[in-house]
Structure formats: structure tokens, C-alpha cells
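In case you want the letters, here they are:
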Amino acid sequence: QVQLVESGGGLVQPGGSLRLSCAASGFTFGSYLMYWVRQAPGKGLEWVSCINLGSATYYIDSVKGRFTVSRDNAKNTVYLQMNSLKLEDTAMYYCAAADTWIPSRPPPTVGDFDYWGQGTQVTVSS
């Protein structure tokens, strides 16, 4: 069956770094655009980043220059390197896959994506 399994979250101080991983199985990973979406406490889903089939990358403005998305099609894995973390980056981070472009606006819903992971918690706190 299809699985997206995120890992790498945790508690980090402001200015710190984390690397999230998302291991995919059960579908043709290389044929899907891969997304990172987050949900802060009490808020809705927020599109964070996308990497397309050619590994072109896209980010929301608030993470540009701090986050880097990458994919390894041989390992069926997508990564999110997060540097210079801020308090406002605290959220549950989800990995998602879609065979089409999902824009950042309007805010996405789970149903926009073909596959969705269980999430990994990132907490930025001093």
C-alpha cells in the first residue's frame, strides 16, 4: 500500500537546524511532485515547499533562504533541510505527493493531494 513516512522532527532552539525526511513507497515516486505542508497549532494547513519532477524547487516567502527541499529518486525519499529556525516555524510538518501542481494559494487541503503522510512535529522553542 501507499505510504509516506516522515521523520526528523524534534525540539530545537531558535536559530537551529533540522532535516526532515519523507520515505515513500507503494507508488511511482519519480512521477510525482512532492510537497511539504505544515500546520501550526490552532491554524490551517500552510503550503511550504514543492520539488517537481525535474527537481525545480519552490518555497513560500517566509522560508526562502532558510529551507531547502531535495529529492532522491533512487531512495524514494524527499528531504527538507530547515536552517535558521524561528518560533513561527513550530508546526506539524506533512509530506504529500501529487501528480499535478498544487499552488500555495488558496491554502491546500488534504484532498488536493494524491498521497499524504502522518506528519512529524517540529517545535522551535528557547
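Calculation criteria
Residues numbered from 1 in each chain as written. Predicted model: local features only at pLDDT ≥ 70, side-chain atom pairs only at ≥ 80, totals over all residues. Heavy atoms only, no water. Helix = DSSP H or I, 4+ residues; strand = E, 2+ residues; numbered from the N terminus. Rg over C-alpha atoms; globule rule 2.2 N^0.38 Å. Buried < 20%, exposed > 50% of the residue type's maximum accessible area, 1.4 Å probe, protein only. Areas by Shrake-Rupley, 256 points an atom, 1.4 Å probe, with all protein chains shown as cover. Lys, Arg positive; Asp, Glu negative; His and termini not counted. Charge placed at Lys NZ, Arg CZ, Asp CG, Glu CD. Polar contact = N/O pair within 3.5 Å; in protein donor to acceptor, adjacent residues only side chain to side chain. Pairing = 2+ DSSP bridges. Disulfide = S-S within 2.5 Å. Contact = heavy atoms within 4.5 Å.

Asker: Could you give me a rundown of the overall build of the chain, with the residues and numbers involved?
Answerer: Counting its regular elements, the chain contains zero helices and eleven strands. The secondary structure elements of the chain, listed N-terminal to C-terminal, are β-β-β-β-β-β-β-β-β-β-β. The C-alpha radius of gyration computed for the chain amounts to 13 Å, which stays within 12% of the reference 14 Å derived for 126 residues, consistent with globular compactness. In terms of principal-axis extent, the alpha carbons of the chain reach across some 40 × 30 × 25 Å. Put simply, the chain has 126 residues, and 44% of those count as buried. Total accessible area computed for the chain in this model is approximately 6,100 Å², and 49% of it derives from carbon and sulfur atoms. Between the averaged position of the 9 positive side-chain charges in the chain and that of its 9 negative side-chain charges there is a distance of 7 Å.

Asker: Report on the environment of Gln81, specifying residues and quantitative values.
Answerer: Topologically, Gln81 is positioned in strand E8 (residues 77-82). C-alpha separation for the pair Gln81 and Leu18, spaced 63 residues apart in sequence, amounts to 6.2 Å. At 2.9 Å, the side chain of Gln81 forms a polar contact with the side chain of Asn83.

Asker: So what about the pairing of strand E7 (residues 67-72)? Which residues, and what values?
Answerer: Alternating residues of E7 divide into Phe67, Val69 and Arg71, all buried, and Thr68, Ser70 and Asp72, none buried. Remark: four residues form the turn of the hairpin made by E7 and E8, two consecutive strands paired antiparallel; Asn76 in that turn has positive phi of roughly 55°.

Asker: Report on the state of the cysteines, specifying residues and quantitative values.
Answerer: Each disulfide consists of one covalent bond between the sulfur atoms belonging to two cysteines. Under the counting rule described, the total for this entry stands at one disulfide. Residue pairing for Cys22: its cysteine sulfur links by disulfide to Cys95, the two sulfurs lying 2.1 Å apart. Taking the sign of the S-S torsion, -75° for the link of Cys22 and Cys95, the bridge is left-handed. Of this pair, Cys22 sits in strand E3 (residues 18-25) while Cys95 sits in strand E9 (residues 91-98), and the two are 73 residues apart along the sequence. Look at Cys22 and you get buried, because its relative accessible area is 0%. With no disulfide of its own, Cys50 has Cys95 as its nearest cysteine by sulfur position, at a separation of 11 Å. Using a relative accessible area of 0% as the deciding quantity, one classes Cys50 as buried.

Asker: I'd like a rundown of the environment of Gly30, residues and numbers included.
Answerer: One can find Gly30 in the loop between E3 and strand E4 (33-39). Exposure remark for Gly30: the relative accessible area of 32% places this residue in the partly exposed category. As for Gly30 and Asp72, which are separated by 42 residues in sequence, their C-alpha atoms are 8.9 Å apart. Apart from residues no more than four positions distant in its own chain, Gly30 is found in contact with Leu53, Arg71 and Asn73.

No statement about biological role is implied by the geometric values presented.
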